[in-house]
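Observations on the three-dimensional arrangement
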Amino acid sequence: MTTLDSYDFAGKKALVRVDFNVPLNDKFEITDDTRIRATISTISKILNDGGAVILMSHLGRPKDGPTEKYSLKHLVNPLSLILGKTVKFADDSIGESATELSAALQPGEVLLLENLRFYKEEEKGNEEFAEKLSKLGDVWVMDAFGTAHRAHASTAVIGKFFKDKVCGYVMQAELDNAERLLEHSERPFTAIMGGAKISDKILIIERLIDKVDNLIIGGGMSYTFSKAQGGKIGKSLLEADKQDLTLELVQKAKDKGVNLILPVDSVIADKFANDAERKVVPAGEIPDDWEGLDIGPETIKIFAEIIKNSKTVLWNGPMGVFEFPNFAQGTNAIAEAVVAVTEENDAFSLIGGGDSASAINNAGFGDRVSYVSTGGGALLEYMEGKVLPGVAALEA
């Protein structure tokens, strides 16, 4: 795989697939620019070499072609400010605007193409679309780890139309850190798994049972474990068809000598809202009309103690509905514990993208852990041992 440092971009137009799928508020303002800032070092390397940069990305999931809400034009000013230079914008991806602006682009200049997913061909991995995109640049740089698990036109298929294919810094860091975690981890190794659904995490949990010393389960998925063990979970999240599976995972962990830790108490609510009435109850004792929205104080103590004594930590998924401030204490406490073990115990900590990344960044801790992944689903699939099309395209 060709790395960014080993390639000279002088006089070249680099077509760079980035992941600018950032959250916007109703005024189209970016609420978390982590993914944009992550790509700046890749863009700067190309510009400093004397190359020009053509950026392509998706934003959201537009259903019916061009939509104001999902236009990348909203990113032009913020990106220009971060880069310290004016970013040009093409109002299409393969049309007249993109073609003409790309052709006229000079070394040191940056062009952003309109949302790739305004074209249905992007997600279908259409070869003709990929080939048209490829004609805009001289070299393809893949730096969108967050979509590397998709065989889309711009993330994988496009590779076959380039002789020169380069792995960007974001991509490189993601692969290096995942590799370090899976193959060179210091012990004790603790994985913290949260989020709503166990079905999203089955394969990664099974793989981690072969790797970790401690497996902490929190978030919405923990209620399926609780119910399967005979607990009362009220209106809490439940994947009824996964109850037997949770019992198998508990048994598998026991057989492998892995310490699988479930919540011992929950913060429950009488409705799904920040202003709901709250109480703390022991795990498995949630009244019928109530639902668990966060881990309780005793659970926080137990989880934090295990994290504190670790040398390697992987965290993927929040401990509760952290979007509601009143139910964010568990997630915030875990964030604090991960930061503490990183700084005080010299542990290696990897935050696994998605909601965990948002939680750690919103708490202002992003630069106080070892690595914050920008790719939730891609990271999980890579750790599950799957071949990512975006990685395979760079190696072909």
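Chains are numbered independently. Their residues run from 1 in the order of the written sequence. In view of the model being predicted, local features appear only for residues whose pLDDT reaches at least 70, and side-chain atom pairs are presented and counted only at 80 or more, with totals across whole chains, interfaces and linings using the full set of residues. Only hydrogens and water are set aside; all other atoms, that is, all heavy atoms of the structure, feed into the side-chain values.

**Regarding the overall build of the protein**
This is how it is decided: Note on conventions: DSSP H or I runs of at least 4 residues are helices, E runs of at least 2 residues are strands, and numbering of each starts at the N terminus. The reference for a compact globule is 2.2 Å times residues^0.38; the radius of gyration itself is calculated from the C-alpha atoms. Per-residue accessibility, obtained with a 1.4 Å probe over protein chains only, is compared with the maximum for each type, and a residue is labelled buried under 20%, exposed over 50%, and partly exposed between these values. We call two residues in contact whenever any of their non-hydrogen atoms come within 4.5 Å of each other. His is not counted, nor are the chain ends; Lys and Arg add positive charge and Asp and Glu add negative charge. Charge positions come from single atoms, namely NZ of Lys, CZ of Arg, CG of Asp or CD of Glu.
A tally of regular secondary structure across the protein gives 15 helices and 18 strands. Over its C-alpha atoms the protein spans a radius of gyration of 22 Å, differing by no more than 12% from the 21 Å that the globule rule assigns to 396 residues. Among the 396 residues that make up the protein, the fraction classed as buried is 56%. Considering only intrachain contacts with a sequence separation of at least 6, the fraction spanning at least 24 residues in the protein is 72%. Both charge centroids of the protein, one from 43 positive and one from 60 negative side chains, sit 2 Å from each other.

**Things to note about the pattern of salt bridges**
Convention followed: By definition, a salt bridge exists where a carboxyl oxygen of Asp or Glu is found within 4 Å of a side-chain nitrogen of Lys or Arg.
Evaluation of the coordinates by the stated rule reveals 21 salt bridges. Where Lys 135 meets Glu 131, a salt bridge forms, and the shortest distance between an N and an O atom there is 3.7 Å. With its nearest N and O atoms 3.4 Å apart, the salt bridge here joins Glu 305 to Lys 308. In this pair, Glu 305 and Lys 308 are both assigned in helix α11 (residues 297–308), 3 residues apart and thus about one turn of the helix distant. Classification of Glu 305 as partly exposed rests on a relative accessible area of 41%. What you see here is one network of salt bridges that share partners, running through Lys 12, Lys 163 and Asp 164.

**Here we look at the packing of aromatic side chains**
Quick note on the threshold: Two aromatic rings from Phe, Tyr or Trp, using only the six-membered ring of Trp, form a pair when their centres are within 6.5 Å; if the ring planes differ by under 30 degrees the pair is stacked, by over 60 it is edge-to-face, and anything between is tilted. As a reminder, the over-ring test applies to NZ of lysine and CZ of arginine, requiring each to be within 6 Å of the ring centre and within 35 degrees of the ring normal.
This model, assessed by the stated rule, comprises 3 aromatic pairs. Between Lys 279 and the ring centre of Trp 290, over which it is positioned, the NZ or CZ distance is 4.3 Å.

**Quick notes on the sheet that holds strand β13 (residues 278–282)**
Counted only if it meets this: In this scheme, strands are said to pair when DSSP sees at least two bridges between them. Structural elements are reduced to axes, namely lines fitted to C-alpha atoms, with helices fitted over the stretch in contact, and the angle between N-to-C directions of any two is expressed from 0 to 180 degrees.
The strand order across the open sheet formed by 3 strands is β13-β12-β15, and the pairing between neighbours is antiparallel. Looking along the sheet, the strands with just one partner apiece sit at the ends: β13 and β15 (291–295). Between one strand axis and the next, the sheet turns through 40° on average, direction left out of account. Note: strand β12 (residues 265–269) against β13, 5 bridges, orientation antiparallel. By the bridge assignment, Asp 265 is partnered in β13 with Pro 282.

**Section: the nonpolar core**
Generally speaking, soluble globular proteins have nonpolar side chains that are buried together. Note the threshold: For the purposes of this section, nonpolar cores are sets of buried Ala, Val, Leu, Ile, Met, Phe, Trp, Tyr and Cys residues that join through side-chain atoms within 4.5 Å.
Residues Leu 113, Phe 145, Met 171, Met 193 and Leu 215 are the most contacted members of the largest nonpolar core, which totals 62 residues. Not counting residues within four places of it along the chain, the set of residues in contact with Met 171 comprises Met 142, Asp 143, Ala 144, Phe 145, Ala 148, Gly 390, Val 391 and Leu 394.

**Some thoughts on the environment of Gly 11**
With respect to the secondary-structure elements, Gly 11 resides in the loop between β1 (2–3) and β2 (13–17). The class for Gly 11 is exposed, based on a relative accessible area of 63%. Remark: the alpha-carbon pair of Gly 11 and Gly 354, spanning 343 residues in sequence, is separated by 36 Å. With near-sequence residues (within four places) excluded, Gly 11 lies in contact with Gly 50, Gly 51 and Asp 138.

**As for a positive patch on the surface**
Our working definition: Put simply, a patch holds well-exposed residues, over 30% relative accessible area, that have no salt bridge, with like charges counted together within 9 Å and Val, Leu, Ile, Met, Phe, Trp or Tyr side chains within 5 Å. To measure how exposed things are, a 1.4 Å probe is used in the Shrake-Rupley method; for residues, cover is taken only from the protein chains shown.
Taken together, the side chains of Arg 61, Lys 63, Lys 120, Lys 124 and Arg 150 make up a positively charged region of the molecular surface. Following the sequence through the fold, Arg 61 ends up in the loop between β3 (52–56) and α3 (76–83). Among the residues examined, Arg 61 registers a relative accessible area of 60% and is labelled exposed.

**A look at unusual backbone geometry**
Pro 188 follows Arg 187 through a cis peptide bond whose omega is 0°. You can see Pro 188 is positioned in the loop between α7 (169–183) and β8 (189–193). Positioned with a positive phi, Phe 28 is a non-glycine residue whose angle comes to about 65°. With respect to the helices and strands, the residue Phe 28 is situated in the loop between β2 and α1 (34–38). Classification of Phe 28 as partly exposed rests on a relative accessible area of 29%. Look at Asp 346: it is not a glycine, yet its phi comes out positive at around 55°. Structurally, Asp 346 can be placed in the loop between α12 (329–344) and β17 (348–351). Residue classification places Asp 346 among the exposed positions, given a relative accessible area of 62%.

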